[in-house]
Amino acid sequence: MMPAPVPSVFAREDLNIISYNVKGLNVREKRTRLLRDLKQYRTSIAFIQETHFQENRAPALKDRNFRTGYFSNNPDRRTQGVCILFSSRIPYIEQATLRCKQGRYIFTKGTISDQTYTFANIYAPNTKQYHFLRSTVASLMKFTEGTLIIGGDLNLALHPDQDATSPQGATPQNRHAKTLRLLHQHQLADCWRALHPTARDFTFYSSAHLTYTRLGYFLMTHHNLNLLNAAEILPMTWSDHCPIRMRLKSPLYRPRQMSWRLNESILSDVVVTDKISNSIREYFQTNETEDVTPLTCWEAHKTVIRGQIIALCATRKKAAMQETLELNRDIATLETRHKRTLDATTYQELTAKRNQLTAHLNRAIQRSYQHYRHMIHEHGDKCEGCWQTF
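Keep in mind it's a predicted model, so treat the numbers as computed, not measured. (Residues numbered from 1 in each chain as written. Predicted model: local features only at pLDDT ≥ 70, side-chain atom pairs only at ≥ 80, totals over all residues. Heavy atoms only, no water.)

1. A short note on the nonpolar core
1) Next: Counting 32 residues, the largest nonpolar core has Ile17, Phe47, Phe86, Phe119, Ile149, Met246 and Leu248 as its most contacted members.
2) Next: Every residue in contact with Phe119, bar those within four places of it in the chain, is listed here: Ile45, Phe47, Ile84, Phe86, Tyr92, Ile106, Phe107, Thr108, Ile112 and Ile149.
3) Next: In terms of nonpolar packing, the next biggest core, distinct from the first, is built from 22 residues, Cys100, Leu154, Leu182 and Tyr217 among them. (Core = buried A, V, L, I, M, F, W, Y, C linked by side-chain atoms within 4.5 Å. Buried < 20%, exposed > 50% of the residue type's maximum accessible area, 1.4 Å probe, protein only. Contact = heavy atoms within 4.5 Å.)

2. Points about the UniProt feature "site: Transition state stabilizer" (unreviewed entry) in the chain
1) Next: In the UniProt entry, the feature "site: Transition state stabilizer" (unreviewed entry) is given for Asn155.
2) Next: Here Asn155 is to be found in the loop between strand 8 (147–153) and helix 3 (160–163).
3) Next: Dropping the residues within four chain positions of it, Asn155 is found in contact with Tyr123, Ala124, Pro125, Asn126, Gln129 and Leu215.
4) Next: Polar side-chain contacts of Asn155 include one of 2.7 Å to the backbone oxygen of Ala124. (UniProt positions renumbered as here; feature names shortened; annotations may be inferred. Helix = DSSP H or I, 4+ residues; strand = E, 2+ residues; numbered from the N terminus. Polar contact = N/O pair within 3.5 Å; in protein donor to acceptor, adjacent residues only side chain to side chain.)

3. Overview of the UniProt feature "active site" (unreviewed entry) in the chain
1) Next: According to UniProt, the "active site" (unreviewed entry) feature falls on Tyr123, Asp153 and His241. Look at the named residues: they lie 119 residues apart in sequence, but the longest C-alpha span between them is just 13.0 Å, so in the fold they bunch up.
2) Next: Relative to the elements of secondary structure, Tyr123 occurs in strand 7 (residues 115–123).
3) Next: The exposure class of Tyr123 is buried, given its relative accessible area of 9%.
4) Next: Setting aside anything within four residues of it in sequence, one finds Tyr123 in contact with Asn21, Gln49, Glu50, Gln80, Val82, Arg104, Phe132, Asp153 and Asn155.
5) Next: In this structure the side chain of Tyr123 is engaged in a polar contact, spanning 3.4 Å, whose partner is the side chain of Glu50.

4. What to know about a positive patch on the surface
1) Next: A cluster of like positive charges, contributed by Lys39, Arg64, Arg67 and Lys317, occupies part of the molecular surface.
2) Next: Of note, Arg67 is situated in the loop between strand 2 (45–49) and strand 3 (68–72).
3) Next: Taking relative accessible area as the criterion, Arg67 reaches 52% and is therefore assigned exposed. (Patch = residues over 30% accessible without salt bridge, like charges linked within 9 Å, V, L, I, M, F, W, Y side chains within 5 Å. Areas by Shrake-Rupley, 256 points an atom, 1.4 Å probe, with all protein chains shown as cover. Salt bridge = Lys/Arg side-chain N within 4 Å of Asp/Glu carboxyl O. Lys, Arg positive; Asp, Glu negative; His and termini not counted. Charge placed at Lys NZ, Arg CZ, Asp CG, Glu CD.)

5. A look at the pattern of salt bridges
1) Next: The final tally for this structure, using the stated rule, is 15 salt bridges.
2) Next: In this structure, the salt-bridge partner of Glu145 is Lys109, at a minimum N-O distance of 3.0 Å. Placement of Glu145 in the loop between helix 2 (129–143) and strand 8 and of Lys109 in strand 6 (residues 105–112) is noted, with a sequence separation of 36 residues between them.
3) Next: Overall, Lys109 belongs to the buried group, its relative accessible area being 11%.
4) Next: The residue Asp163 makes a salt bridge to Arg193 at a minimum N-O spacing of 2.7 Å. One end of the pair, Asp163, is in helix 3; the other, Arg193, is in helix 5 (residues 191–195), and 30 residues separate them in sequence. Summarising the burial analysis for this pair, Asp163 and Arg193 share the class buried.

6. Thoughts on the sheet that holds strand 8
1) Next: Strand order in the open sheet made by the six strands is 5-6-7-8-12-9, with mixed pairing throughout. Of all strands in the sheet, those bounded by a partner on one side alone are strand 5 (92–99) and strand 9 (188–190). Neighbour to neighbour, the strand axes of the sheet diverge by 20° on average, direction disregarded.
2) Next: Set on the sheet, helix 2 makes contact with strand 5, strand 6, strand 7, strand 8 and strand 9; between it and strand 6 the angle comes to about 25°. (Pairing = 2+ DSSP bridges. Axes fitted to C-alpha atoms, helices over the stretch in contact; angles between N-to-C directions.)

7. Some words on the packing of helix 2 against helix 4 (residues 173–185)
1) Next: Direction vectors running N to C along helix 2 and helix 4 enclose 10°, while the axes themselves pass 9 Å from each other. One element, helix 2, and the other, helix 4, form an angle in the roughly parallel class. The handedness of the crossing between helix 2 and helix 4 comes out as left-handed. Here Gln129, Tyr130, Leu133 and Arg134 of helix 2 lie close against helix 4, whose contacting residues are Arg175, Lys178, Thr179 and Leu182. (Parallel < 35°, antiparallel > 145°, perpendicular 65-115°, else oblique. Left-handed = near helix turned anticlockwise from the far one by under 90°.)

8. A word on the pairing of strand 12 (residues 216–221)
1) Next: Within strand 12, six of the six residues are buried, which leaves the element mostly enclosed by the surrounding structure.
2) Next: Pairing of strand 9 with strand 12, which is carried by three bridges, proceeds in the antiparallel orientation. Along strand 12, the bridge assignment pairs Leu188 with Thr221.

9. Digging into the environment of Leu35
1) Next: Looking at the element boundaries, Leu35 is found in helix 1 (residues 28–40).
2) Next: Sequence-distant contacts of Leu35, that is, excluding residues within four places in its chain, are made with Leu61, Lys62, Asp63, Phe66 and Leu85.

10. Quick word on the pairing of strand 4 (residues 82–86)
1) Next: Taken across its five residues, strand 4 has five buried, putting it largely inside the fold.
2) Next: The two faces of strand 4 match: Val82, Ile84 and Phe86 on one face and Cys83 and Leu85 on the other face are all buried.

11. Topic: helix 2
1) Next: Given a rise of 1.5 Å per residue, 15 residues ought to cover 21 Å, and the 21 Å separating the end C-alpha atoms of helix 2 matches this to within 8%.
2) Next: Looking at the buried residues of helix 2, the elements they touch are strand 5, strand 6, strand 7, strand 8, helix 4 and strand 9. (Expected span 1.5 Å × (residues − 1).)

12. Overview of the packing of aromatic side chains
1) Next: For the structure shown, the criterion picks out 17 aromatic pairs.
2) Next: Centroid distance Tyr117 to Phe119: 5.6 Å. Interplanar angle 10°. Geometry classified as stacked. Note on accessibility: Tyr117 and Phe119 belong to one class, buried.
3) Next: Judged by centre distance (5.2 Å) and plane angle (85°), the rings of Tyr283 and Phe284 are edge-to-face.
4) Next: By relative accessible area, Phe284 is classed as buried at 18%. (Phe/Tyr/Trp six-rings, centres within 6.5 Å; stacked < 30°, edge-to-face > 60°.)

13. Section: the side chain of Ser72
1) Next: Mapped onto the elements of the fold, Ser72 is located in strand 3.
2) Next: A relative accessible area of 2% places Ser72 in the buried class.
3) Next: From its side chain, Ser72 meets the backbone oxygen of Cys100 in a polar contact 2.9 Å long.
4) Next: What Ser72 contacts, discounting residues up to four positions off in sequence, is Gly81, Val82, Arg99, Cys100, Gly103, Arg104, Tyr105 and Ile106.

Here is the structure:
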């Protein structure tokens, strides 16, 4: 008989890659929204365009879920800017990184569980896209090792008849054909189009021209398309671009252990505090007997109340997640309808739903900000005079 397989300490999970044009991250609230969205989508790797960070004056863009990032910023002003963020769950080991001097692209190559990858994030200009892509792709091919994954905003619809609601745009028709030939020459395939050959969907809406266009892309070489599990365009919420997501088969890696901590914000909810107070009162009325020592009764009550708090927090979290899910579903439905009809009333409803989602999520951002201030107060440096008063 064959011996029973030994359970592995590693778990297989897809590489969940997001590309997002965020149109500026110099405001703290927008950085918080981005990191919150990346966590919600369980992002493994994020390609971010238009960070608008200026070299040597860029704010921090990281948290405990995304501690590793590679940035390319404009040296002179707050414009352009791209970055690649890696989740703390991904054991990425960098080998080399190549940055554009103007913040238009960033390439990084390294290993994930001994498999070599090259990640390229590109933000093309609004004009002369073909000339930019020709020189950029040439540099990328010299840099590439292993599996190549390109993401970003090309500022160009590769197939205007399918990727735009108004094919007659300002971009000359021969520029689309040249760009397609360039990608074909380097055996690069549009991942979303490979899985949706006849579908029409878009990533950008121009309120000035009342047109939709697909400008965001993921590209991979033909011989690596077998790794592609899914590709989709997500709803547009707080940015004027839709995030795009794809899932790739990945190597094995060790999952991270999570631990529970009290969410202090629930103590400001009168309903929750009343339930906890009643639970404590009922516990001691039931368990304060001669058979149980006071110490045992006291220590055991912590476990009981902790379990009830966990249940209350789980209920609140599920309700908040359900509200977020329903708002995102409504946004996606209205967005699909507006892409098809360009109806002004539908666009007003869509804007109202986006504002409602922003207000709902801002409450979570405010709680995170309060927790951060509390942590700084507790663990930050304090002047000597402050201690002398105690």
